[in-house]
Amino acid sequence: PVDQPNPDPSKKTLVILGSGWGSASLLKKIDASQYNIIVVSPRNFFLFTPLLPSCTTGTIEHRSIMEPIRAIIRNKEASVTYYEAEATNIDYENKKLVIKESANHDREQISSTRTIDFDYMVIGVGAQNSTFGIPGVQDNACFLKEIPDAQKIRQKIMDRIEAASFKNLDDEDRKRLLHTVVVGGGPTGVEFAAELQDFFEEDLKKWIPEIAKDFKVTLVEALPNVLPSFSKQLIEYTEKTFQAEKITVLTKTMVKKVTSDVVTAEATNADGTKEIIELPYGLLVWATGNSARPVIRDLMSRIPAQKNSRRGLLVNEYLVVEGTEGIWAVGDCTATKYAPTAQVATQQGIYLAGLFNQLAHAVTLEEEITQLEQIVKSATNEQDRKAALSEVDSRTRRLRRSRSLLPFEYSHQGSLAYIGSDRAVADLSFWGNSSNFATGGSLTYLFWRSAYVSMCFSTRNKLLVIMDWLKVKIFGRDVSRE
Ligand code: FAD
Ligand code: NAD
């Protein structure tokens, strides 16, 4: 078994799983001097996901939205241990965590497992892509969740375009190679389709004019409209903008099967009849939402209180994993009434940091009270005894306040999405959701940009993102293949 090198025996060991929105915001705000903190994540950086769709076309370079975990822990009050590893088994009863580390030594993949003992744990491992078991998806589609996904899409876009430029290709093959099908009309699918069409209009058309007449993006959505979580007015605005941008939107169309070059879907016509349609494609991007990771499914299967949950871990109002003690969960790995968004995960991480700081404060007060009670007992004169007693009183009151924890409450700030040709949509909430404001267009796009820059993790990230936007404005996007 391994533990933190030189843990302080007087402190509890807190293991934080993941380095995403939930875990990183917890890590940023927690008082690290109060716990032996161990972070376990296979990704040694925080990823600013809202700008990931922009990485698929080179509008943003991927390193601009990565923040090393070491940079986050370097500035903490006390040392924090980081293991680049994956949690594979959480023994919630005996408080033992099994992690698997993988390393590449001279092209040889070596992996080893270890066990970590913990007192407290926060699970923030996010979710994986859902495929609903639809045949062919896992093998043929690209996803859009992590940096390698965006890199793969970027590479495939140029791959297909260069292949389509071969002179001896027949029309059908060229059209297929230049057809990108995006499945899922949620924000990920919409933003990716928008970014790709921008890339075509602003750069590809100029550099490779021979592809212009056959380049096509189709967005497929099972529900009657795209962006189902946005207001009706913004849905209509998005669909109109897509029409103007020449992105084909197929709503009420459910993908049923995928092969290496054709997507088969069932479309519902206006009169309610159904028909099977086939969409030959060169690039397929799959964005149909989240499903629970294996480590979470395994944990849920072993906790009786979790047996009715499929989407993720059930947590109580203090984010404690139902059926466990000393284990909390945040973000996309949980199943709550909130949407799986960065906004929710961040607020949950900040809430838990406050909770852990409050717990640590309570422990310090308890220790001080015990010491003061000794002084009361051993005091030789009345004045010292009274002074110590009054200190005990005041600390007991503070301890009571520290122990009265408030449940987690989410405050929705609104939703933003980029829809292409320098336009965005925003559903904003003010004064604790009591007032809403829906807006779309170029001014909203400026707001979208400034909001995302201000949300970037570090000043370095902010500057890099601004520089990427400037670079694209001046020189256009890079069309070379990596
Ligand atoms: P994540 O941020 O996904 O982090 C999970 C972490 O756990 C990662 O570090 C991962 O490496 C690690 N991990 C995985 N498996 C293990 C394991 N077995 N053991 C240990 N660690 C593990 N939300 C918004 O609010 N606004 C947006 O504009 C927005 N845009 C998005 C754009 C895209 C393309 C995507 C994919 C999502 C977007 N989201 C947005 C949603 C948002 O990114 C997620 O809701 C958010 O990332 C959830 O945070 P999290 O901390 O739960 O998980
Ligand atoms: P999502 O769950 O929001 O949308 C997935 C869509 O895919 C749904 O509309 C669903 O009807 C559709 N779908 C499912 N199966 C299908 C099939 N077989 N054929 C056709 N369509 C199918 O997923 P997402 O867009 O990946 O977003 C995941 C989470 O991340 C959401 O909570 C979202 O709000 C958040 N997010 C937010 C932003 C933003 O705020 N700008 C951007 C990206 C993601």
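Scroll up a little and you will see the structure.
These figures come from a predicted structure and were not determined experimentally.

Procedures and definitions
Residues numbered from 1 in each chain as written. Chains lettered and ligands numbered in written order. Predicted model: local features only at pLDDT ≥ 70, side-chain atom pairs only at ≥ 80, totals over all residues. Heavy atoms only, no water. Helix = DSSP H or I, 4+ residues; strand = E, 2+ residues; numbered from the N terminus. Buried < 20%, exposed > 50% of the residue type's maximum accessible area, 1.4 Å probe, protein only. Contact = heavy atoms within 4.5 Å. Salt bridge = Lys/Arg side-chain N within 4 Å of Asp/Glu carboxyl O. Near = heavy atom within 4 Å. Polar contact = N/O pair within 3.5 Å; in protein donor to acceptor, adjacent residues only side chain to side chain. Nonpolar A, V, L, I, M, F, W, Y, C, P; charged D, E, K, R; others polar. Domains from an automatic or database assignment. Pairing = 2+ DSSP bridges. Axes fitted to C-alpha atoms, helices over the stretch in contact; angles between N-to-C directions. Right-handed = clockwise from strand over helix to strand, strands pointing away.

Chemist: For the overall build of the protein, give the residues involved together with the corresponding values.
Modeler: Across its full length, the protein holds 13 helices and 22 strands. For the protein, the spread of C-alpha atoms along the principal axes amounts to about 100 × 55 × 50 Å. Relative to its full complement of 482 residues, the protein shows a buried share of 48%. Summarising the internal contacts of the protein: among those between residues at least 6 apart in sequence, 65% fall at separations of at least 24.

Chemist: I'd like a rundown of the environment of Arg 401, residues and numbers included.
Modeler: In this fold, Arg 401 is placed in helix H11 (residues 382–403). Expressed as a C-alpha distance, the spacing of Arg 401 and Ala 362, which sit 39 residues apart in the sequence, is 9.0 Å.

Chemist: So what's going on with the pattern of salt bridges? Residues and values would help.
Modeler: All chains considered together, the criterion is met by 22 salt bridges. For Lys 205, the salt bridge identified is with Glu 201, shortest N-O distance 2.8 Å. On the criterion of helical spacing, the pair formed by Lys 205 and Glu 201 is a turn pair, its members being 4 residues apart in helix H7 (residues 187–207). By relative accessible area, which is 34% here, Lys 205 ends up partly exposed. Between Glu 382 and Arg 385 there is a salt bridge; the shortest N-O distance is 3.3 Å. Here Arg 385 and Glu 382 lie together in helix H11, a separation of 3 residues that amounts to about one turn. Overall, Glu 382 belongs to the partly exposed group, its relative accessible area being 42%. Via salt bridges that share partners, Asp 171, Arg 174, Lys 213 and Asp 214 belong to a single interconnected network.

Chemist: Give a description of the site of ligand 1 that names residues and reports values.
Modeler: Near ligand 1 you find 29 residues, and of these Gly 22, Thr 49, Ala 87, Asp 332 and Tyr 452 are the closest. Within the backbone of Gly 22, a nitrogen or oxygen atom sits 2.8 Å from an oxygen atom of ligand 1. When contributions to the shell around ligand 1 are tallied by element, the ones reaching two or more residues are helix H1 (21–29), strand S2 (36–41), strand S6 (86–91) and helix H10 (342–378). Tallied by class, the residues present in the shell around ligand 1 amount to 13 nonpolar, 12 polar and 4 charged. If you count residues domain by domain, the shell around ligand 1 takes at least three from each of domain 1 (13–127 + 292–361) and domain 2 (137–290 + 411–475).

Chemist: Lay out the sheet that holds strand S5 (residues 81–84) with the relevant residues and their values.
Modeler: Sheet strands associate in pairs through backbone hydrogen bonding, adopting either a parallel or an antiparallel arrangement. Spatially, S5-S2-S1-S9-S19 is the arrangement adopted by the 5 strands of the open sheet, whose pairing is parallel. In this open sheet, the two strands that pair with only one neighbour each are S5 and strand S19 (327–329). Neighbour to neighbour, the strand axes of the sheet diverge by 15° on average, direction disregarded. Here strand S1 (residues 13–17) runs beside strand S9 (residues 120–123); their pairing, made up of 4 bridges, is parallel. Along S9, the bridge assignment pairs Leu 14 with Tyr 120.

Chemist: Report on the pairing of S1, specifying residues and quantitative values.
Modeler: Counting buried positions over the 5 residues of S1 gives 5, a clear majority of the element. Side chains of S1 alternate between two faces, with Thr 13, Val 15 and Leu 17 and Leu 14 and Ile 16 buried alike. Pairing between S1 and S2: 5 bridges, direction parallel. Counted as the bridge partner of Thr 13 is Asn 36 from S2. What joins S1 to S2 is H1, and the crossover it makes is right-handed.

Chemist: So what's going on with unusual backbone geometry? Residues and values would help.
Modeler: If you check the backbone angles, Lys 252 has positive phi at about 50° while not being a glycine. Take Lys 252: its relative accessible area is 35%, and that puts it in the partly exposed class. If you check the backbone angles, Leu 319 has positive phi at about 70° while not being a glycine. You can see Leu 319 is positioned in the loop between helix H9 (294–302) and S19. Using a relative accessible area of 2% as the deciding quantity, one classes Leu 319 as buried.

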